[in-house]
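Geometric and topological summary
Spelled out from the first residue to the last, the chains are:
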Amino acid sequence: INFILNALIVWTSSQVVLHICLLFFSIPISVFISICFYIPLGYFFYGKNVFGINKFSRKSAKRYILLTFLTLVLNTMGTSLIHSFGINKNISALIITPFLAVFSYTFQKYFVFK
């Protein structure tokens, strides 16, 4: 539950940044800026509030960045795969989200913040 609450804070914040950027920049630049905002925010919130980390390390930061990009790839591939079965793109993205959340939590618990 703590992970989900923190995920909502981090995700909502990064979505606000993304949508503001989309008013002024292209999609790739806007996504890049939102990811640059998401990474430190997520790293801090998940590390401190979910996994009780008080001292952060370079190693865990690198692992978190790797996780972020891996999740983006899996999200893209999963959403595209589900969409290929004729399901709406937005619904496809909603379907893949719980799987990505479980993947992200597990990866953070056993790899990033172990």
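For clarity, every value in this text was computed on a predicted model and none was experimentally measured. (Residues numbered from 1 in each chain as written. Predicted model: local features only at pLDDT ≥ 70, side-chain atom pairs only at ≥ 80, totals over all residues. Heavy atoms only, no water.)

What follows concerns the nonpolar core. Ranked by size, the top nonpolar core spans 16 residues in total, and within it Val10, Tyr46, Tyr64, Leu67, Val112 and Phe113 carry the most contacts. If you list the elements that add at least two residues to this core, you get helix H1 (2-22), helix H2 (27-50), helix H3 (58-83) and helix H4 (89-112). Per-element accounting of this core gives the leading share, 6 residues, to H2. Among all residues touching Tyr64, those that are not within four sequence positions of it are Tyr38, Ile39, Gly42, Tyr43, Tyr46, Gln108, Val112 and Phe113. (Core = buried A, V, L, I, M, F, W, Y, C linked by side-chain atoms within 4.5 Å. Buried < 20%, exposed > 50% of the residue type's maximum accessible area, 1.4 Å probe, protein only. Helix = DSSP H or I, 4+ residues; strand = E, 2+ residues; numbered from the N terminus. Contact = heavy atoms within 4.5 Å.)

On the surface, Val16, Ile20, Leu23, Phe24, Phe25 and Ile29 cluster together into a nonpolar patch covering about 640 Å² of accessible area. Along the chain, Leu23 turns up in the loop between H1 and H2. On the accessibility criterion, Leu23 (67% relative accessible area) is exposed. (Patch = residues over 30% accessible without salt bridge, like charges linked within 9 Å, V, L, I, M, F, W, Y side chains within 5 Å. Areas by Shrake-Rupley, 256 points an atom, 1.4 Å probe, with all protein chains shown as cover. Salt bridge = Lys/Arg side-chain N within 4 Å of Asp/Glu carboxyl O.)

Turning our eyes to something else, we now look at the packing of H3 against H4. Each pair of packed helices can be summarised by the angle the axes make with each other and by the distance between the axes. With their axes 9 Å apart at the nearest point, H3 and H4 run at an angle of 155° to one another. Classified by the interaxial angle, the pair formed by H3 and H4 is roughly antiparallel. In this structure, H3 meets H4 at a crossing whose hand is right-handed. (Axes fitted to C-alpha atoms, helices over the stretch in contact; angles between N-to-C directions. Parallel < 35°, antiparallel > 145°, perpendicular 65-115°, else oblique. Left-handed = near helix turned anticlockwise from the far one by under 90°.)

Okay, the packing of aromatic side chains next. All told, the structure shown has 13 aromatic pairs when counted by the stated rule. On the basis of an interplanar angle of 85° and a centroid distance of 5.9 Å, the ring pair of Phe44 and Phe45 is categorised as edge-to-face. Judged by relative accessible area, Phe45 falls into the buried class, the value being 19%. Both rings, one in Phe103 and one in Phe107, keep their centres 5.6 Å apart while their planes meet at 40°; by these two values the pair is tilted. Here Phe103 and its partner Phe107 are both found in helix H4, 4 residues apart, which amounts to about one turn of the helix. Relative accessible area serves as the criterion here: at 26%, Phe103 is assigned to the partly exposed category. (Phe/Tyr/Trp six-rings, centres within 6.5 Å; stacked < 30°, edge-to-face > 60°.)

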